[in-house]
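Chain by chain, the residues:
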Amino acid sequence: MKLHRNHVRRACQCLVALSFIAIPWINGFDIRIVTGNLLSLEIFGIPFADPLAALQVFFSTWSLSWTVTIGALLSLTLAVIMGPVFCSWICPYGLIADLMQKLPFVKRRNRFSRGWLFKAVVVGIVVVGLGAMAFPPMLNQLSLPGWYTRTMQTLWLSGTIPAGFWLLPAASVLDMAGGGHFWCRYCCPQSLLLQAAGLVLPRRFRVKYDASKCICSEKNPSPCMKSCPYGLDPRERKIHPECTNCGDCVVQCSHFGSALSQGFGSRK
Ligand code: SF4
Ligand code: SF4
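Residues numbered from 1 in each chain as written. Chains lettered and ligands numbered in written order. Predicted model: local features only at pLDDT ≥ 70, side-chain atom pairs only at ≥ 80, totals over all residues. Heavy atoms only, no water.

## A closer look at the overall build of the protein
Right, so step 1: Looking only at helices and strands, one finds 12 helices and five strands in the protein.
Right, so step 2: Whereas a compact globule of 268 residues would reach a radius of gyration of roughly 18 Å, the protein reaches 19 Å, a difference of no more than 12%.
Right, so step 3: For the protein, the spread of C-alpha atoms along the three principal axes comes to 55 × 40 × 35 Å.
Right, so step 4: Taken over 268 residues, the protein has a buried fraction of 46%.
Right, so step 5: Relative to all contacts within the protein whose residues are 6 or more apart in sequence, the contacts with residues 24 or more apart total 72%.
Right, so step 6: As displayed, the protein has an accessible area near 13600 Å², and 70% of this comes from carbon and sulfur atoms.
Right, so step 7: Computed over 26 positive and 11 negative side-chain charges, the inter-centroid distance for the protein is 5 Å. (Helix = DSSP H or I, 4+ residues; strand = E, 2+ residues; numbered from the N terminus. Rg over C-alpha atoms; globule rule 2.2 N^0.38 Å. Buried < 20%, exposed > 50% of the residue type's maximum accessible area, 1.4 Å probe, protein only. Contact = heavy atoms within 4.5 Å. Areas by Shrake-Rupley, 256 points an atom, 1.4 Å probe, with all protein chains shown as cover. Lys, Arg positive; Asp, Glu negative; His and termini not counted. Charge placed at Lys NZ, Arg CZ, Asp CG, Glu CD.)

Structure, rendered in structure tokens:
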């Protein structure tokens, strides 16, 4: 069997999901090369922070520690160069949502191609409005990668399951009812800043389409669109900022005309 990039992506997702089961266990032996969860993580002393969590802390306290600032900037820098790859390569809920989409009754639907804009407005109001009233970072309570990793920590520390864990099956039910990755596209606040960061550079790593090589331009939906976990049509420019650079459409296209590729390029 030929090794495609979607196999590498799946391996990467599984490795991350398994790592966050192992990290609290290793920490129990006082080995602390990696500590924390997907809201705030430290790897060999290098901090990584969820940019939205950092923003909420800033708006509720009007200050931010250097560690959190650097951690958030590191996460954003990855998104500036590669787009929101966190969602398709790292987030444990991204893995769950991908696997659920394999179920025959879960459809890939692209209902509102600008759904992320609605999400951005709601999240912006909550961050600025509640933050200005000095509320604690409430959107962290909706972080599925956060709850996956916090659940593993709580399980090892106290043998209990935190109430927030139940958001994971609840989001899965929403995905089943509303179409694959419904939570990610229309509800998850954590992906927003990563998507916005992906718009900063005119040239960055992205999916590129060469219409002259496309042998299924008349097909709608095209095979590449059918393979996209988010129901996007990679032949269109409006896939940004939602495209996570998962590469599934490129692998699918390679069985046809190789009109899709990934590399550094502009949105045009
Ligand atoms: S949109 Fe949110 S839940 Fe979905 S993969 Fe991205 S960070 Fe994870
Ligand atoms: S357009 Fe292609 S690379 Fe982007 S999310 Fe869809 S399948 Fe993945």
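## Topic: the packing of helix H1 (residues 5-28) against helix H5 (residues 92-100)
Right, so step 1: Direction vectors running N to C along H1 and H5 enclose 130°, while the axes themselves pass 9 Å from each other. Of the possible angle classes, the one that applies to H1 and H5 is oblique. The hand of the H1/H5 crossing is left-handed. Residues Arg 9, Arg 10, Gln 13, Cys 14 and Ala 17 of H1 form the contact with H5, whose participating residues are Gly 94, Leu 95, Asp 98 and Leu 99.
Right, so step 2: Split into classes, the residues belonging to the contact of H1 with H5 amount to four nonpolar, two polar and three charged. (Axes fitted to C-alpha atoms, helices over the stretch in contact; angles between N-to-C directions. Parallel < 35°, antiparallel > 145°, perpendicular 65-115°, else oblique. Left-handed = near helix turned anticlockwise from the far one by under 90°. Nonpolar A, V, L, I, M, F, W, Y, C, P; charged D, E, K, R; others polar.)

## Re the site of ligand 1
Right, so step 1: Surrounding ligand 1, one finds Phe 86, Cys 87, Cys 91, Tyr 93, Gly 94, Trp 183, Cys 184, Cys 188 and Ser 191.
Right, so step 2: Each residue belonging to the shell around ligand 1 can be placed in one class, and the counts come to seven nonpolar, two polar and no charged. (Near = heavy atom within 4 Å.)

## Some remarks on the nonpolar core
Right, so step 1: Ranked by size, the top nonpolar core spans 38 residues in total, and within it Phe 20, Tyr 93 and Leu 260 carry the most contacts.
Right, so step 2: Core analysis: the second largest hydrophobic core is formed by six residues, Val 123, Val 127, Leu 139 and Leu 192 among them. (Core = buried A, V, L, I, M, F, W, Y, C linked by side-chain atoms within 4.5 Å.)

## A word on helix H2 (residues 51-61)
Right, so step 1: For H2, the full list of buried residues reads Pro 51, Leu 52, Ala 53, Ala 54, Gln 56, Phe 59 and Ser 60.
Right, so step 2: After H2 finishes, the residue Trp 62 shows a positive phi value of roughly 55°.

## Some words on the sheet that holds strand E2 (residues 40-43)
Each strand in a sheet pairs with another by means of backbone hydrogen bonds, the pair being arranged parallel or else antiparallel.
Right, so step 1: Strands sit in the order E1-E2-E3 across an open sheet of three strands; the sheet is antiparallel. Of all the strands in the sheet, just strand E1 (34-37) and strand E3 (46-49) have a single pairing partner and so form its edges. Taking the axes of each pair of neighbouring strands and ignoring which way they run, one obtains an average angle of 15° across the sheet.
Right, so step 2: As judged from the four bridges shared by E2 and E3, these two strands associate in the antiparallel manner. Of the residues in E3, the one forming a bridge with Ser 40 is Ala 49. (Pairing = 2+ DSSP bridges.)

## Section: helix H3 (residues 66-82)
Right, so step 1: For H3, spanning 17 residues, the distance from its first C-alpha to its last is 24 Å, which sits close to the expected 24 Å at 1.5 Å a residue.
Right, so step 2: Every buried residue of H3 is accounted for by Gly 71, Ala 72, Ser 75, Ala 79 and Val 80.
Right, so step 3: Considering only its buried residues, H3 is in contact with E3, H2, helix H10 (191-197) and strand E4 (203-209).
Right, so step 4: Gly 83 lies just past H3 and shows a positive phi near 80°. (Expected span 1.5 Å × (residues − 1).)

## A closer look at unusual backbone geometry
Right, so step 1: Here the residue pair His 240 and Pro 241 is connected by a cis peptide bond, since its omega of 10° sits within 30 degrees of zero.
Right, so step 2: Assignment of secondary structure puts Pro 241 in the loop between helix H11 (223-227) and helix H12 (248-253).
Right, so step 3: The phi torsion at Asp 30 lies on the positive side, around 65°, for a residue other than glycine.
Right, so step 4: Structurally, Asp 30 is set in the loop between H1 and E1.
Right, so step 5: With phi around 50°, Phe 44 is a residue other than glycine that occupies positive phi space.
Right, so step 6: Inspection of the secondary structure puts Phe 44 in the loop between E2 and E3.

## Here we look at the pattern of salt bridges
Right, so step 1: Under the counting rule described, the total for this entry stands at seven salt bridges.
Right, so step 2: Close ionic contact of Asp 98 with Arg 9 constitutes a salt bridge, the shortest N to O distance being 2.9 Å. Separated by 89 residues along the polypeptide, Asp 98 in helix H5 and Arg 9 in helix H1 bring together distant segments of the chain. The same class applies to Asp 98 as to Arg 9, namely buried.
Right, so step 3: For Asp 30, the salt bridge is made with Arg 32, and the minimal N-O distance between the two is 3.5 Å.
Right, so step 4: The exposure class of Asp 30 is exposed, given its relative accessible area of 61%.
Right, so step 5: Taken together, the salt bridges that share partners define one network made up of Arg 9, Arg 10, Asp 98 and Asp 248. (Salt bridge = Lys/Arg side-chain N within 4 Å of Asp/Glu carboxyl O.)

Geometric values such as these leave the question of function open.
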